[in-house]
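Structural features, examined
Residues per chain are reported as follows:
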Amino acid sequence: MNKIQITIIVILLAALLAFPQFITSESVLNLAVYVLLYVSIASSWNVLGGFAGQTNLGHAAFFGVGALVTRMLWFAGWNIFASMVIGALVAVVLALIIGVPAFRLRGVYFAIGTLALSQILLITVGNTFSTISSIPTEDLKVYSLVPRYYMFLGVALLTIVTAYVLLNSRFGLGITAVREEEDAAESLGVSALKYKMLAFGISAFFGGLTGGAFAFYHVGYYPQLTFGPEWTFDSMMMAYIGGVGTIVGPVIGAVFFVVLREFLALRFAEFHLIIFGVLFILVVLFLPDGFMGIWEKIRKRLLRRSK
Amino acid sequence: MNKRNLNWIVRIGLLVALVAVVAACASPTPEPTKVPPTAAPAPTKAPEPTKAPVATTAPTKAAEPTKAPAATSAPAPTTAAAKPAPAYIEVGASIPLTGKFGSLGQQVKPGYQYAVNDINAAGGIYVKEFDKKIPLRLTVYDDASDPTQAVSKMETLFADQKVVAYLGGASSDMHVATIPIAEKNKVPYLGVSFALNAIHQKGYKYLFSPFPKSPQQTVDTFAALNQLIPDASQRPLKVAIFAEKSDWGAEEEALWKENATKAGYTVVVDEQYAVGNLDFTAMILKAKAAGAETLLALPNQPSGEALIKGMVENGWTPKFSLIIRAPENVTWSTNLKKNGDYVTIFPGWNSAMKFPGVDQLNKAYQAEFKRDADLLTGPSYACVQILAKAIETAGTLDRDKIRDAIAASNTSTVVGNVTFNADGTGKVLDPLIQWQNGKLEVIWPLDHATAKIMYPAPAFDKR
Amino acid sequence: MLEAFAQNLVYGVLIGALYGLAAVGLSLVFGVTKFLNVAHGEFLMVGGYASFWLFTLWQVDPFVSLPAAIVSLLVLGAVFYQALFSRMVKLTEGVKIQNTLLIGFGVSLILQNLALKLWTADTRSITTAYSGQVFNFLGIRFPLVRVASLLIALVLVIALQLFLRRTYTGKALRATVENWEAATLMGIDIHRVYLLSFVMGAALAGVAGALVGVGYSIEPGMGMSWTLKSLVVMVLGGLGSITGTFVGGIILGLTESATGFIALMAGGGLTYKEVVGLVLFLLVLVFRPEGLFGSKEG
């Protein structure tokens, strides 16, 4: 990474920080919140699904638990940050409890096992917390999107930076080894389970934290909403289409997914999902390795030329 | 990538994250910087009622007086230079046109559309402030039955279309997300297709719903039964309640139980099931064994049809059944044939009701859909009628004044005369409608009835 | 009481057969091609509509029109395979699963919303003259159309099993499941095998959809829940076992109906029966990570 790249990142971050000072339209600000929400959840899914190669189809469970706990504590008068951290920690506890049995499963068995877990929570939460959860009317009078924007920005950056640090640490080497050749890694003394559990815990933590931010943001919903399989599938798809297992991939994927879908929805009303589906397929056909795959190809070509 | 650069990135990233978190923390109340107090008037919806000649500095977006298609009935004296009237009165809705609530949303949208068309055909709404008729412009977005996407559509309608009022989507799942946005943005909100009363008890000021709610439905259930079956010995006194495990289901269930006892009915079976249930065998057999004569249920699809099919196969026919929601589907009777008959519903409206405007609505609907207007279309149409009347009464496009005018309104609509209670629920008619030989007939209240109640229902295998 | 319990179990088997049939299609495709087709539920939906329109427009009995539903899904499956999925054949397994999942997602969006535009969002179902008829046996009611659906599902699963075991093409399919590279070396045309299993999976979904239209109801948005159910049943039964998958579906159906009944008697209503089914599924995975009837290699 050179000075130019650092400069670009600094400018980008400054722009993100200053964004709400220049943009006052609720529409744009809300879209930014929406994008950051998906950047966070897709990046958190990617820690386990991408780095560790364990396709978790139950990520919504952690997002949902984070949201549920945060919302409950926050509405009970707790500080929002404390609520969010506790929510995220509860998500981690859940991950640790199910981790050991879950990691006995490989491949598609792990994927569907986690899917079943999140479906169990979805139905159970639907049954036990069936009343609407809405921000009290007096709080709505002072509700502003600006703090929500910063909250999501903070969560997104924390997630990305943590993922970055992880990938460039010894953990990164270990987890990559486990992903590529689990048995070989084990024979070299790398405890696959330890690495997977660590990845699972971190993934759940940030999934839960994103859920907490969602609880802080959303004005009214049924608690089971945050446990819906759409959260998992959307995150996974964003990571895939951006470039799974990379830092920037889920970010690009989220931006692409959310902005395109919103753009189409505002223009084509009930046709927008058909158009979105077609465009989506075209992207997958032409970029089988995601956006990051194309970027890698370009970079390699440039490097070869410069040599 | 070397260590030093890595550290840099981490430090910068964490710093920014920290700043962001502090910024979020520091502003539980709106940030003072959020709305820059610029000298130029922000391009807002509500033109100030001052006579100051601001016309030159007024935002260009709203100033298109020449484009207004309205035939000005009373030409304003040119000397009294009021603000230029906006070309349109903007209203907007985020409706679930696709996804799981699509079948509801598809009934709601044409209601809004036809009402806007009809009002605009007459030149629009007369707004005293501008002394002219201004047409409505309706913007509809599809939220794909996702409450999060609905929020984003609501913000777009507010920020980009600068709507003076919101029209609602469909189903309480969606309303619960969109109503608080209306409240936050201080924009009047008129919505139908939800009977959940709990939303109205949250102190929302901008919410209005000309649609029957659970308290009314559950009282009317027994009032209608007692009136329709005058001979007390013939009444279906043993009641079975099959309640969906949702807040609306629980609300209706509790109120049904309470009102049943008051009206002299006995609840013999009261069971809950999770949303989306397809196998009701256990509940049906229990109700059959308990000799239940009345079935009260509120399933959505596909549970509704699964319930009927299960009842047919297990040989249980209640004398009277009130099934809210699933049988409101236009395909109920074509799907279930004779087994769909005798079922009653509380849909809030029916196209056979004799109120002014219904014929016109049916005609428009016939032209497009080859059938009379759907159940939710009437109440949706009424929302726009109420809004139009309120704008005219307010004489301005100021949202708060429109809100007050709606609260005080008394409007003749296609669903009858509508006024509002303090909690935003409408004082509306709550007709009981029955599927009779594949047609929907109003059976109660008696002065609106198009047919007599068919009672008791003969066993399924004797039809 | 005992009678009511038995009656519930009958319904459990009958609905479980539909779970099983839907999952068999998914399992066949996944086993042979490693395509995770999440549009499977949408194929089911299309099959349901094919049967519905044949019944509504030309009064064709839904059981008679099953071949038509099969053919329309064979065609639809072939079109999607040739246009989209065939491009994924040569990818490595992980990327293959990933990209077919993405494409499946796109396909499901398109099919679901096209169905909505073409046929409206309204629920549809098929009621024949004999719908609702039952025959009694030992005091238990057996609903005619559901029992017929069960028999059709059984026949199809047995036929599929025979096809895979007895015919040359079937054996080629199984060889591909075990080792597609070796299969290629032995002269098996992998594209043909993939295409065949993909369209057969689609056709099975189509039949399941038609039967759902008779027993329950269909609508454009029904796909997601059937895809999820099929995924669970596929893994519960165990990959690579067609019969196992079908039996897994019936076991899930039975669990749901039995717990539903017991919970209702205990005063708990029908709210948790699906949860119990899923918990059972997870327990099975804990003790048998390869599913009930799966082979160790998965």
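In this text the structure is predicted, and so the values were computed from the model without any measurement.

Moving on to the pairing of strand S8 (residues 238-244) of chain B. Looking along a regular strand, one sees side chains alternate from face to face of the sheet. Residues and elements named next belong to chain B. Here S8 lies mainly inside the structure; 6 of its 7 residues are buried. Bridging between S8 and strand S9 (residues 266-273) involves 7 bridges; their strand directions are parallel. Opposite Ala240, over in S9, you have Val269 as the bridge partner. Of the crossover connections in this fold, the one passing from S8 over helix H6 (residues 247-262) to the parallel S9 is right-handed.

Each partner contributes residues to the interface: chain B has 63 residues there, and chain A has 57 residues. Taken over both partners, the interface formed by chain B and chain A buries close to 5,300 Å², and the fraction arising from carbon and sulfur atoms is 68%. There are 2 salt bridges connecting chain B and chain A. Between Glu270 of chain A and Lys109 of chain B there is a salt bridge whose closest N-O contact spans 3.1 Å.

All right, on to the interface of chain B and chain C then. Listed per partner, the contact involves 35 residues of chain B and 34 residues of chain C. Carbon and sulfur atoms make up 53% of the area that chain B and chain C hide from each other, which totals about 2,900 Å². Applying the counting rule to chain B against chain C returns 1 salt bridge. One salt bridge connects Arg146 of chain C with Glu313 of chain B, and the closest N-O pair in it is separated by 2.9 Å. Counting across the chain B and chain C interface gives 16 residue pairs in polar contact (both at pLDDT 80 or more). Of all elements in the fold, only helix H2 (102-121), S9, helix H7 (281-289), helix H8 (303-314) and helix H9 (332-336) of chain B reach the threshold of two or more residues within the side of chain B that touches chain C. Here the residues of the side of chain B that touches chain C sort into 13 nonpolar, 13 polar and 9 charged.

On to the packing of aromatic side chains, then. Counting across every chain of the model gives 47 aromatic pairs over all chains. Ring-pair connections join several aromatic residues into one group, and the members of that group are Tyr34, Tyr38, Phe63, Phe152, Phe214, Tyr217, Tyr221 and Trp231 of chain A. A cation over an aromatic ring shows up here: Lys213 of chain B above the ring of Phe194 of chain B, its NZ or CZ 3.4 Å from the ring centre. Between Arg325 of chain B and the ring centre of Trp248 of chain B, over which it is positioned, the NZ or CZ distance is 4.6 Å.

Residue and element names in this part refer to chain B. Across the sheet, which stays open at both edges, the 7 strands sit in the order S9-S8-S10-S11-S12-S16-S17 with mixed pairing between neighbours. Where the open sheet ends on each side, the last strands, each with one partner, are S9 and strand S17 (439-444). Put simply, the sheet's adjacent strands are angled 25 degrees from each other on average, direction ignored. Examined bridge by bridge, strand S11 (residues 320-323) and strand S12 (residues 343-345) share 2 bridges and lie parallel to one another. For Ser321, the partnering residue across the bridge sits in S12 and is Val343. Against the sheet, H8 engages S8, S9, strand S10 (294-297), S11 and S12, with an angle of about 160 degrees to S10.

This brings us to the environment of Ala156 of chain A. All names here are of chain A. Note that Ala156 resides in helix H7 (residues 145-167). For Ala156, a relative accessible area of 2% corresponds to the buried category. Expressed as a C-alpha distance, the spacing of Ala156 and Leu117, which sit 39 residues apart in the sequence, is 26 Å. Sequence-distant contacts of Ala156, that is, excluding residues within four places in its chain, are made with Leu36, Val39 and Ser40.

All right, on to the domain arrangement of chain B then. All names here are of chain B. Under the domain assignment, chain B is made up of domain 1 (84-212 + 354-427) and domain 2 (214-345 + 431-462). Relative to domain 2, the C-alpha centre of domain 1 lies at a distance of 30 Å. On the domain 2 side, the residues contacting the 14 residues of domain 1 number 14 residues. For the pair domain 1 and domain 2, the summed buried area comes to about 1,200 Å², and 59% of that belongs to carbon and sulfur atoms. The three residues of domain 1 that bury the most area against domain 2 are Ala195, Leu196 and Leu375, which together make up 41% of that side's buried surface. On the surface where domain 1 and domain 2 come into contact, there are 0 salt bridges.

The next subject is the pattern of salt bridges. This structure, assessed with the given rule, holds 21 salt bridges over all chains. Among the salt bridges present, the one from Lys462 of chain B reaches Asp461 of chain B, with a minimum N-O distance of 3.9 Å. Each member of the pair, Lys462 of chain B as well as Asp461 of chain B, carries the same accessibility label: exposed. Here the residues in one salt-bridge network are Glu270 of chain A, Lys109 of chain B together with Lys117 of chain C, joined through shared partners.

Residue and element names in this part refer to chain A. On the surface, a cluster of nonpolar side chains totalling about 360 Å² of accessible area is made up of Val278, Leu279, Leu282 and Phe286. For Leu279, the position within the fold is in helix H13 (residues 272-286). When its relative accessible area of 31% is taken as the criterion, Leu279 is described as partly exposed.

Counting 287 residues, the largest nonpolar core has Tyr166 and Phe242 of chain B as its most contacted members. For this core, the leading source of residues is helix H1 (residues 2-33) of chain C, giving 16 residues. Each of domain 1 (84-212 + 354-427) and domain 2 (214-345 + 431-462) of chain B accounts for three or more of the residues forming this core. Leaving out residues up to four positions away in the same chain, Phe242 of chain B has contacts with Val269, Glu271, Tyr273, Met283, Ile284, Ala287, Leu295, Leu296, Ala297, Leu298, Leu307 and Trp316 of chain B. Ranked by size, the runner-up nonpolar core spans 61 residues in total, among them Phe130, Leu136, Val164 and Leu397 of chain B.

What counts and what doesn't
Along each chain, the written sequence defines residue order, and numbers are assigned to residues from 1. All chains are assigned letters beginning at A, and all ligands numbers beginning at 1, according to the order in which they are written. Only residues with pLDDT of 70 or above have their local features reported here, since the model is predicted, and side-chain atom pairs are shown and tallied only from 80 upward, although totals for entire chains, interfaces and linings are computed over all residues. Each side-chain value is worked out from all heavy atoms of the structure, with water and hydrogens disregarded. Burial here depends on accessible area, computed with a 1.4 Å probe over protein chains only, as a share of the maximum for the residue type. Under 20% is buried, over 50% is exposed, and the range in between is partly exposed. The way it works is that DSSP assigns letters per residue, a run of H or I at least four long becomes a helix, a run of E at least two long becomes a strand, and they are numbered from the N terminus. At least two DSSP bridges between two strands are needed for those strands to be called paired. Crossovers are marked right-handed if the path from the first strand over the helix to the second runs clockwise, as seen with the strands pointing away from the viewer. The contact definition used throughout considers only heavy atoms, calling two residues in contact when any of these lie within 4.5 Å. By convention, the term buried area covers the 1.4 Å-probe accessible surface removed from two parts as they join, with the contributions of both added. Here a salt bridge means any side-chain nitrogen of Lys or Arg lying within 4 Å of a carboxyl oxygen belonging to Asp or Glu. Here a polar contact is recorded for every N or O atom pair within 3.5 Å, except that within protein the pair must consist of a potential hydrogen donor and a potential acceptor, and residues adjacent in sequence are included only if both atoms are side-chain atoms. Any residue outside Ala, Val, Leu, Ile, Met, Phe, Trp, Tyr, Cys, Pro, Asp, Glu, Lys and Arg is labelled polar, Gly included; the first ten of those are nonpolar and the last four are charged. Under the pairing criterion, centres of Phe, Tyr and Trp rings, with the six-membered ring standing for Trp, must be within 6.5 Å; the plane angle then separates stacked pairs below 30 degrees from edge-to-face pairs above 60, leaving the rest tilted. Charge-over-ring placement is defined geometrically: NZ (Lys) or CZ (Arg) within 6 Å of the ring centre, and within 35 degrees of the ring normal. Axis lines are fitted through C-alpha atoms, for helices just across the contact stretch, and the angle between N-to-C directions can take any value from 0 to 180 degrees. The split of the chain into domains comes from an automatic or database domain assignment. Candidate patch residues must exceed 30% relative accessible area and have no salt bridge, after which like charges are joined if within 9 Å and Val, Leu, Ile, Met, Phe, Trp or Tyr side chains if within 5 Å. The accessible surface values rely on the Shrake-Rupley method and a 1.4 Å probe; as for residues, cover is taken only from the protein chains in view. What is meant by a nonpolar core is a set of buried Ala, Val, Leu, Ile, Met, Phe, Trp, Tyr and Cys residues, joined one to another through side-chain atoms within 4.5 Å.

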